Amino acid sequence: IAIDADRSATFEIRFAYTGNLGYVMKERYREMPAKQKKSVATQIASQIVPGIDLESFDFAGLESESEPLEFVLRGKRADFIDAAGGELSCNLPLPPLQLGSLASGEGERKLPFFLREPVVNLSTVRIELSPGLALAGAQSGASESLGQGRYRLSIARAGARAVVIHRALYLAPMLLAPAE
C-alpha cells in the first residue's frame, strides 16, 4: 500500500488459495468468462479494502499445473486515511477472518464444538508513506492462544516511512467446551 499526502492510497493485493482448495478453485476459474472474473476480482478487492476502485487484475498461475492460483489486484481508494485529532489513521487493511461462521448458531452454546478442519490464514501488508508523511508510534501487535490454536499480529517499522504488518491464524482440529 502506498499512501499519498492527499489521504489516498494505491494498492497491490496478492491473494492465494493454497493446498487442495487452491487446485479446486483453479479449475473453477479456468472455465469462467472474463466478465465474471472481473466481478470476482472486484468482490475480493472490496472485501479487503472497502471502497477500492479496481484498476487491474490478474489470476496468476491459472494455466499452470504446478503453481498456486494467485489473485493480483491493483487499485486505488481516494479516502483511505482518516484525519482525526491532527493525526492520520486507517483500519488494518487485512481480509476478514470470518470465524463466526465456523460455530454459527443462536444464543449461548451449551454443547461442545468440534472444529473438524484446520484453519490457516496468513496475511502480510506493507504500508509505505509518501514524502512529507511520517510514522507515529506504531503498535507492537498482539498474540492469543486457545487450545492448540494461535493468533499473532505483529507490526514492525521497515525504514523511516514504512511499516509491515503480519497476521497469522493457526487453528488445529479441536474440541471446545461450551465455556470456551
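Residues numbered from 1 in each chain as written. Predicted model: local features only at pLDDT ≥ 70, side-chain atom pairs only at ≥ 80, totals over all residues. Heavy atoms only, no water.

Participant: I would appreciate a short explanation of helix 1 (residues 19-30) in the present structure.
Facilitator: At 3.6 residues per turn, the α-helix brings residues three or four places apart onto the same side. Over its 12 residues, helix 1 runs 17 Å from end to end, which matches the ideal 16 Å to within 8%, given 1.5 Å per residue. Restricting attention to buried positions, one finds in helix 1 the residues Gly22, Met25, Lys26, Tyr29 and Arg30. Summarising the axial view, the buried residues of helix 1 lie within an arc of 135°, below the 170-degree limit, and thus occupy one face. Away from its buried face, by an angle of more than 90 degrees, helix 1 presents the exposed residues Asn20, Val24 and Arg28. (Helix = DSSP H or I, 4+ residues; strand = E, 2+ residues; numbered from the N terminus. Expected span 1.5 Å × (residues − 1). Buried < 20%, exposed > 50% of the residue type's maximum accessible area, 1.4 Å probe, protein only. Arc of directions from axis to C-beta.)

Participant: Just checking my understanding: could you explain the sheet that holds strand 2 (residues 9-16) for this structure?
Facilitator: Strands belonging to one sheet form pairs held by backbone hydrogen bonds; the direction of such a pair is parallel or antiparallel. Read from one edge of the open sheet, 8 strands run 3-4-2-1-8-11-10-9, paired in mixed fashion. Both edges of this open sheet fall to strand 3 (53-60) and strand 9 (141-146), since each of them pairs with a single strand only. Relative to strand 11 (residues 162-171), strand 10 (residues 149-157) runs antiparallel, the two sharing 8 bridges. By the bridge assignment, arginine 152 is partnered in strand 11 with alanine 168. Lying on the sheet, helix 2 (residues 34-48) is in contact with strand 2, strand 3 and strand 4 (70-77); it crosses strand 3 at an angle near 115°. (Pairing = 2+ DSSP bridges. Contact = heavy atoms within 4.5 Å. Axes fitted to C-alpha atoms, helices over the stretch in contact; angles between N-to-C directions.)

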